[in-house]
Amino acid sequence: MSDWMSGTVSEGMHRFPVRVYFEDTDTAQMVYHANYLRYMERARTELLRLVGVSQYVAMRGDVGSVLGFAVKNCHVEFRAPARLDDLLQVRTVNNGVGAAYIDFGQDIWRNDTPIAEARIRVVCLDGKGKPRRQPTDLIARLKTMLPPRDTAKA
C-alpha cells in the first residue's frame, strides 16, 4: 500500500522519506536530537493515515467519539549523525497492540547507515485526555497492514 505523501507499506514495514533541511540542524549542520522524534512522529501520523485514521477528524469526534494518541514512553538510541540535505527513511513496525496502546519500533536510516532506533508506546486517549480503548476496526486494520512482530527474537 502506498500514498506518495504518506510513504509505503510492504513486508510488514512502513517506510517514510524525510529530507534534512537547514532548520533541522544545529550549527555543525547535524540534525538536532529532538528532530529525530519529529521525523518519527510524522511517520506514525502518516501510517495512521494509511490505516484510515485522520487524527484531525478523530480529534474532532467525527468518528463517533473523540480519540487521540499520545506518547507514553520512548527509548531512543542514536547511532550516527544525519546531516544537512541527507535523505533519510523512517521505518516503522508494529511491536504489539493492546486495547488502549500500540508499541512501535522505529528506525531512521540513511542508505545502509542506521541513524537512530526507537521503541515507542502510544496510548489512545479520549477527548478529556484519559486512556480509552481503541476502536476494534482500527486495531484490525493496523494488524492487517503491519502484523505484530515477535520482539522476543530481537
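Cut-offs and rules
- Residues numbered from 1 in each chain as written.
- Predicted model: local features only at pLDDT ≥ 70, side-chain atom pairs only at ≥ 80, totals over all residues.
- Heavy atoms only, no water.
- Pairing = 2+ DSSP bridges.
- Helix = DSSP H or I, 4+ residues; strand = E, 2+ residues; numbered from the N terminus.
- Core = buried A, V, L, I, M, F, W, Y, C linked by side-chain atoms within 4.5 Å.
- Buried < 20%, exposed > 50% of the residue type's maximum accessible area, 1.4 Å probe, protein only.
- Contact = heavy atoms within 4.5 Å.

### Some details on the pairing of strand S7 (residues 113-125)
Here's step 1: By the bridge criterion, 10 bridges tie strand S4 (residues 68-78) to S7 in an arrangement that is antiparallel. The residue bridging Glu77 from the neighbouring strand is Glu117, located in S7.
Here's step 2: In the sheet, strand S6 (residues 101-110) pairs with S7 via 10 bridges, with the strands oriented antiparallel. Bridge pairing in S7 places Arg110 opposite Thr113.

### Considering the nonpolar core
Here's step 1: Within the largest apolar cluster, 35 residues are counted, with the highest numbers of intra-cluster contacts made by Tyr36, Tyr39, Leu47, Phe69, Val90 and Ile108.
Here's step 2: For this core, the secondary-structure elements that each account for two or more residues are strand S3 (13-19), helix H1 (33-51), S4, strand S5 (87-97), S6, S7 and helix H3 (136-145).
Here's step 3: Considering every element that reaches this core, the biggest residue donor is H1, with eight residues.
Here's step 4: Residue contacts for Tyr39: discarding those within four places in its chain leaves Val18, Val20, Asp24, Val31, Leu88, Val90 and Ile108.

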